[in-house]
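# Observations on chain architecture
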Amino acid sequence: MLLDGRPSIVLNSMKDDHNRLYPQLQLKIVYNFSIYLCVPVRVWKKSGDYDPHKHNGQSHEYVTYLLRTTGPIHSVSPVYVSLTTDTNCLRGLSENIPVLPHQYKKMLRFGVCLHQPVFNITDPQVLVDWIAIHISLGAEIVFVYLEKKFISEDITNPLNSFVKSGILELIDWSIGIDTYNYGQTAVINDCIYRSLHRVEYLAMYDIDEILVPRKHMTWSGMIQEIK
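Structural notes, computed from the coordinates.

What counts as what
Residues numbered from 1 in each chain as written. Predicted model: local features only at pLDDT ≥ 70, side-chain atom pairs only at ≥ 80, totals over all residues. Heavy atoms only, no water. Disulfide = S-S within 2.5 Å. Helix = DSSP H or I, 4+ residues; strand = E, 2+ residues; numbered from the N terminus. Buried < 20%, exposed > 50% of the residue type's maximum accessible area, 1.4 Å probe, protein only. Pairing = 2+ DSSP bridges. Axes fitted to C-alpha atoms, helices over the stretch in contact; angles between N-to-C directions. Arc of directions from axis to C-beta. Contact = heavy atoms within 4.5 Å. Expected span 1.5 Å × (residues − 1). Polar contact = N/O pair within 3.5 Å; in protein donor to acceptor, adjacent residues only side chain to side chain.

### Some thoughts on the state of the cysteines
Applying the stated criterion across every chain, the model contains one disulfide. Here Cys38 is linked by a disulfide to Cys89, with a sulfur-sulfur distance of 2.0 Å. Disulfide Cys38-Cys89: torsion about the S-S bond near 75°, hence right-handed. Linking Cys38 in strand β5 (residues 36–47) with Cys89 in the loop between β9 (80–84) and β10 (97–98), this pair joins segments that are 51 residues apart in sequence. Of the residues examined, Cys38 reaches a relative accessible area of 27% and is grouped as partly exposed.

Right, dumping it as structure tokens:
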């Protein structure tokens, strides 16, 4: 994406904030198997504060950080990136991190995102109905984040038809750390960047919420009147 008029890569991260200092990190940006860059990344935005005390059974030990590259990079999309503290990006590399594309074949009008991961649903019909209602309102893409250790195939199997049609993306959010609402702020960040350059309008809320137009049958009619 473009930040300050130049190409940048933004990373959505969570850090155990027992140690308030963020390590000096380098990003290895791989464009193909023979070309890569090694550039510094810095903290760009932070959301939340460290709190080891339990609130409704969850602590705030992990805090959401957005990181961004600070050096010049190529404008083409890389194959993958990886993080390290090595200034030459030769040792101690993280697992390969996929990079979301910044261009899509088709720009969609409306998208919707569950703004926290699903972890406590026992009836799949709740999700099926929520998705179907949004499709009828005009949603062309729906993003749902799953904390899979709490979600069985009995919940996900009824969603397969939506996935096969391309209108539903199920994102594995098995982060495996103790953090408030299973990393809700990071989910919001991910959905925003996942939708960037992909949808014109994005709705974000909980599974018991739906944006229902008062005068129109669809979001398109509502937006047309607002414009």
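Back to the write-up after that little detour.
### Some words on the sheet that holds strand β14 (residues 199–205)
Within the open sheet, the four strands sit side by side as β13-β12-β11-β14. Their pairing is parallel. Both outer strands of the open sheet, β13 (168–172) and β14, are each paired with one neighbouring strand and no more. When strand polarity is set aside, the average angle formed by the axes of neighbouring strands in this sheet is 20°. Two elements, strand β11 (residues 108–114) and strand β12 (residues 141–146), share three bridges in a ladder whose sense is parallel. Residue pairing across strands places Val112 opposite Val142, the latter belonging to β12.

### Things to note about helix α5 (residues 219–226)
Among the residues making up α5, those that are buried are Trp219, Met222 and Ile223. The buried side chains of α5 occupy one side of the element, clustering within an arc of 95° when seen end-on. On its buried face, α5 is in contact with β11, α1 (124–137) and β14.

### As for the sheet that holds strand β4 (residues 25–30)
The strand order across the open sheet formed by six strands is β3-β8-β5-β4-β9-β10, and the pairing between neighbours is antiparallel. Both edges of this open sheet fall to β3 (10–16) and β10, since each of them pairs with a single strand only. Pairing analysis gives six bridges linking β5 to strand β8 (residues 62–69), with the strands arranged antiparallel. By the bridge assignment for β8, Lys45 is matched with Leu66.

### Brief notes about α1
Think of an α-helix as turning once every 3.6 residues; residues three or four places apart then point the same way. When the terminal C-alpha atoms of α1 are compared, their 20 Å separation across 14 residues agrees well with the 20 Å that a helix rising 1.5 Å per residue should span. Among the residues of α1, Pro124, Leu127, Val128, Trp130, Ile131, His134 and Leu137 are the ones counted as buried. The backbone nitrogen of Gln125 has a side-chain oxygen 3.0 Å away, supplied by the residue at the start of α1, namely Asp123. Positioned one or two residues after α1, Gly138 has a phi angle of 125°, which is positive.

### Looking at the pairing of β4
Counting buried positions over the six residues of β4 gives six, a clear majority of the element. With burial as the criterion, each face of β4 is covered, one bearing Leu25, Leu27 and Ile29 and the other bearing Gln26, Lys28 and Val30. Direction of pairing for β4 relative to β5: antiparallel, over a ladder of six bridges. The partner of Leu27 across the bridge, within β5, is Val39. Counting the residues between successive antiparallel strands, the hairpin from β4 to β5 contains five residues. As defined by bridge partners, β4 adjoins β9 across five bridges and the pair is classed as antiparallel.

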